[in-house]
Amino acid sequence: MNGIEEKLVASLSGVAREGALRAGRGLSGLMGEEITIHVPSVRFGTRADACDAVGGAEVIVLGAYLTITGDITGHVMLLFPVEKALQCVDLMCGQAPGTTTEPDELAESAVGELGNIVGSAFVNALADHLNLILHPSPPTVVNDMAIALVQAVHAEVMAQGGEVVMIDTVFEDKGGHASGLLVVAPDPMALPRLREIAA
Amino acid sequence: MTAPAADLRRISVGIGQLAVSKDSREVLIAYGLGSCIGVSAHDPGTGVCAMVHILLPASEGKVPQPNEPARFADSGVDALLKQMIAAGASRSRLVLKLAGGAAVLGPGNAEKFKIGERNADAIKERLKLHGLRAAREDLGGTRGRTLELQVASGKTFVRTAASPAIEL
């Protein structure tokens, strides 16, 4: 990693920390329990190991995918192990724990809203700190193998002919169980602007 | 003789990677193919097997990194064939199978780059250039897939988040 990239990573790490705090607050409020936030990692390259936070690459996750538009563009994805996602749905819908047993229409709608709140909190923190106008898109609910989803975001960024910078933030519940993984990846065209801000 | 399942060694073929094996105790696996495509190759004559995990359609002149020889469809297919032949396989006997190329981020989001679809087209085009075509394929849709090639039998299996392994 060269000097400019080191500066970019250092700058994004600080911003990501604030974004993660806001997203974590949103998640804690929705779930009715305290959520611990792991300091986000900002790294260049493939993020296959990020999937460990939700139980491994091939584990099935439920979550939401949003795109960022505005001064810069990029991708945001919030992933939960399915069991945890269904617990969130019961909490959000005021239902007894264990009521939701599979990702049905109501569950998908609730998870989409969760992605919207947590993803938007993160994106808004980025916008505030970097003095950029950013708009999160409406969420698309995703339900698949974790690595297939992370890899698809990686490919979207790589297809534009640039390097992948992914910010991954892990949320843990008070029992120390991973309750979610938030992945944020700016598009390559956003990097010169981010480097400029970081310089 | 096929090794018992417990003795099998699972060789994970990560993004952009290429694996070749003649060891009947090994299983080559590309986990969680989203828009990526896994290409499996088997020579029934020599038992040589290989797999690549392709991320993007075209290298556009970029030289693949040594640790990711199969990042791109064009150079990845070339590398697969070169390694198979170097390991003793015969091009004319190769049984090739493809899996992946899905739009896992939702059909609406796939419109932007259509990476899965373009990966599939690019791989088929490159195979055609070599006078080859896939014997079987499981491509497209919206679900991620895991592709597995059992070296002992040369059999290929695909599974998704929603379905158990089925032979391709």
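Structure's up top.
In this report, we go over the structure that sits alongside the text. (Residues numbered from 1 in each chain as written. Chains lettered and ligands numbered in written order. Predicted model: local features only at pLDDT ≥ 70, side-chain atom pairs only at ≥ 80, totals over all residues.)

**Here's the deal with the nonpolar core**
Point 1. The biggest cluster of nonpolar side chains holds 122 residues, and the ones touching the most others in it are F122 and L149 of chain A together with V39, A50, I54, L80 and I123 of chain B.
Point 2. Apart from the residues within four sequence positions on either side, I123 of chain B is in contact with I37, V39, I54, A73, V77 and L98 of chain B. (Core = buried A, V, L, I, M, F, W, Y, C linked by C-beta atoms within 7 Å. Buried ≥ 20, exposed ≤ 12 C-beta atoms within 10 Å, placed from the backbone. Contact = placed C-beta atoms within 7 Å.)

**A look at the interface of chain B and chain A**
Point 1. Listed by partner, the interface residues are 21 residues for chain B and 21 residues for chain A.
Point 2. Going through the elements one at a time, strand 3 (26-33) and helix 2 (107-110) of chain B are the ones with two or more residues in the side of chain B that touches chain A.
Point 3. Counting residues per element, the side of chain B that touches chain A draws most heavily on strand 3 of chain B, at 3 residues.
Point 4. Partitioned by chemical class, the residues of the side of chain B that touches chain A number 11 nonpolar, 9 polar and 1 charged. (Helix = DSSP H or I, 4+ residues; strand = E, 2+ residues; numbered from the N terminus. Nonpolar A, V, L, I, M, F, W, Y, C, P; charged D, E, K, R; others polar.)

**Structural notes on the pairing of strand 4 (residues 37-42) of chain B**
Residues and elements named next belong to chain B.
Point 1. Of all the 6 residues making up strand 4, 6 are buried; the element is thus mostly covered by neighbouring parts of the structure.
Point 2. Here strand 4 shows no split at all, with I37, V39 and A41 on one side and G38, S40 and H42 on the other all buried.
Point 3. Judged from the 6 bridges that link them, strand 4 and strand 5 (residues 49-54) form a sheet pairing that is antiparallel. In the sheet register, A41 faces strand 5, and the bridge partner there is A50.
Point 4. Where strand 4 folds back on strand 5, the antiparallel hairpin that results is connected by 6 residues, among which G47 adopts a positive phi of roughly 80°.
Point 5. Taken together, the 6 bridges between strand 4 and strand 6 (residues 95-100) define a ladder with antiparallel strand orientation. What sits directly across from A41, in strand 6, is L96. (Pairing = 2+ DSSP bridges.)

**As for helix 3 (residues 105-130) of chain A**
Along an α-helix, residues three or four apart share an orientation, since each turn contains 3.6 residues.
Point 1. For helix 3 of chain A, built from 26 residues, the straight-helix expectation of 38 Å at 1.5 Å per residue is met to within 8% by its first-to-last C-alpha distance of 37 Å.
Point 2. Positive phi shows up at N131 of chain A, right after helix 3 of chain A, with a value of about 55°. (Expected span 1.5 Å × (residues − 1).)

**Re the packing of helix 1 (residues 73-86) of chain B against helix 3 (residues 115-129) of chain B**
Residue and element names in this part refer to chain B.
Point 1. Contact geometry for helix 1 and helix 3: axes closest at 9 Å, N-to-C directions at 45°. By the angle between their directions, the pair helix 1 and helix 3 is classed as oblique. When you trace helix 1 past helix 3, the crossing you get is right-handed. In contact with A73, D74 and V77 of helix 1, helix 3 contributes N119, A122, I123, R126 and L127.
Point 2. Residues of the contact of helix 1 with helix 3, tallied by class, amount to 5 nonpolar, 1 polar and 2 charged. (Axes fitted to C-alpha atoms, helices over the stretch in contact; angles between N-to-C directions. Parallel < 35°, antiparallel > 145°, perpendicular 65-115°, else oblique. Left-handed = near helix turned anticlockwise from the far one by under 90°.)

**A short note on the sheet that holds strand 5 of chain B**
Sheets are built from strands paired through backbone hydrogen bonds, the pairs being either parallel or antiparallel.
Residues and elements named next belong to chain B.
Point 1. Ordered in space as 2-5-4-6-7, the 5 strands form an open sheet in which the pairing is mixed. Unpaired on one side and paired on the other, strand 2 (18-21) and strand 7 (136-139) mark the two borders of the sheet. Each strand of the sheet is rotated relative to its neighbour by a mean of 10°, with strand direction disregarded.
Point 2. Along the sheet, helix 1 makes contact with strand 2, strand 4 and strand 5, crossing strand 5 at roughly 165°.

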